[in-house]
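Residue strings, one per chain:
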Amino acid sequence: MLECFLVLFPLHLLILSMDHQERRFIYQGLLPLSGMSAVCEQSNTGYTFEVSGPMIEPRQVSCLSSSERTLWISALREHIQEANAHCPPVTPAISILSYLIPCDQLWKKRELIRYLTSCPILKWEGKAIHHMGHVIFLSTVQAAHTIDADFEDRIMVLFPEDLVFLSVDSHKTLVIHQGTLPLNAIHIEESLMWNGRYEFQITGDLMEPMLILCISPEDYTKWIFHLQKPRPIHCGVTLHPPPFVPTKYRRR
């Protein structure tokens, strides 16, 4: 058993634990209410109930009193019914995207990494994402061609050998692959702060230059640090097909 704090939102149940030594909350999970069930349990050790659903493992919750358990079950069932009514076609695992994007906090980045490596991605090409290695860094950015300067929202994911660009649909229910760039074929040019914006440029032999606009100075610093690291040069003939370059980033 782990001492936790439950926070009920209209569509999700947030689980937090407390680090009493540092006096701070620790994120433990975000459970979708859609499809969830809350069942009262008979127990000799406490006032418990169980929450379960098609996309989550059953969890037992022990309350401090019978009245507290009754209140939780009543509130959960009411909000579960509302969540099912408002989101019937959306699977619980996908609806969590609306809470993770923009990923402007560390816990959101961690959960988004976990989600992207296990969810289906539309228009994906090449080897499976879970075979690309561990995720080194991830953040939401705005990307644009330097030619037309038309910025678009993107999720930029850094793997040991590749830089992946993803997007989400307007309802934040689907993830779409926008392209993959090999790290050994690109380099970046810093632009520190331009008109109050933190941006840098990605260039390469097989692509048009791209401008990347970060949403925070912390993200900018980390991207510069990771992308400017020297990469090993692989010699000889490769047995793998060349990496996929986004169509919109190829030279015309």
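Being a predicted model, the structure only gives us computed values, none of them experimental.

1. Structural notes on the overall build of the chain
Then, number 1: Each helix and strand in the chain was counted, giving 5 helices and 13 strands.
Then, number 2: Taking as baseline every contact in the chain between residues at least 6 positions apart, the subset at least 24 positions apart corresponds to 48%.
Then, number 3: Counting only carbon and sulfur atoms, one obtains 56% of the accessible surface of the chain, whose full area is about 15,000 Å².

2. Describing the side chain of R154
Then, number 1: When you line up the elements, R154 lands in strand β8 (residues 152-158).
Then, number 2: At 2.8 Å, the side chain of R154 and the side chain of E152 are in polar contact.

3. Brief notes about the confidence of the model for the chain
Then, number 1: When pLDDT is averaged along the chain, the result is 80; 81% of the residues meet or exceed 70.
Then, number 2: Across residues 88-94 the pLDDT falls below 50, and counting only partners more than four positions away or on other chains, this stretch makes 12 contacts in the model.

4. What to know about the pattern of salt bridges
Then, number 1: Counted by the stated rule, this structure contains 5 salt bridges.
Then, number 2: In this structure, D104 engages K108 in a salt bridge whose closest nitrogen and oxygen atoms are separated by 3.3 Å.
Then, number 3: Look at D104 and you get partly exposed, because its relative accessible area is 46%.
Then, number 4: Here E111 ties to R114 by a salt bridge, and the two come within 3.1 Å at their closest N and O atoms. In this pair, E111 and R114 both sit in helix α4 (residues 106-116), 3 residues apart, roughly one turn of the helix.

5. Section: the packing of aromatic side chains
Then, number 1: Counted under the stated rule, the structure contains 4 aromatic pairs.
Then, number 2: An angle of 75 degrees between the planes, with centres 5.0 Å apart, marks the rings of F137 and W223 as edge-to-face. With a gap of 86 residues between them, F137 in strand β7 (residues 137-145) and W223 in helix α5 (residues 217-227) connect regions that are remote in the sequence. Both residues of the pair, F137 and W223, belong to the buried class.
Then, number 3: Between F200 and Y220, the aromatic rings sit 6.3 Å apart at their centres with planes inclined by 50 degrees, giving tilted as the arrangement. Within this pair, whereas F200 is found in strand β12 (residues 197-204), its partner Y220 is found in helix α5, the two being separated by 20 residues in sequence.

6. With respect to the sheet that holds strand β4 (residues 37-40)
Then, number 1: In spatial order, the strands read β4-β5-β6; together these 3 strands make up an open sheet with antiparallel pairing. For this open sheet the edge positions go to β4 and β6 (56-63), each flanked by a neighbour on one side alone. Strand-to-strand twist of the sheet, defined as the mean angle between neighbouring strand axes without regard to direction, takes the value 20 degrees.
Then, number 2: By the bridge criterion, 4 bridges tie β4 to strand β5 (residues 47-53) in an arrangement that is antiparallel. Of the residues in β5, the one forming a bridge with A38 is V51.

Conventions used here
- Residues numbered from 1 in each chain as written.
- Predicted model: local features only at pLDDT ≥ 70, side-chain atom pairs only at ≥ 80, totals over all residues.
- Heavy atoms only, no water.
- Helix = DSSP H or I, 4+ residues; strand = E, 2+ residues; numbered from the N terminus.
- Contact = heavy atoms within 4.5 Å.
- Areas by Shrake-Rupley, 256 points an atom, 1.4 Å probe, with all protein chains shown as cover.
- Polar contact = N/O pair within 3.5 Å; in protein donor to acceptor, adjacent residues only side chain to side chain.
- pLDDT = per-residue confidence, 0-100.
- Salt bridge = Lys/Arg side-chain N within 4 Å of Asp/Glu carboxyl O.
- Buried < 20%, exposed > 50% of the residue type's maximum accessible area, 1.4 Å probe, protein only.
- Phe/Tyr/Trp six-rings, centres within 6.5 Å; stacked < 30°, edge-to-face > 60°.
- Pairing = 2+ DSSP bridges.
- Axes fitted to C-alpha atoms, helices over the stretch in contact; angles between N-to-C directions.

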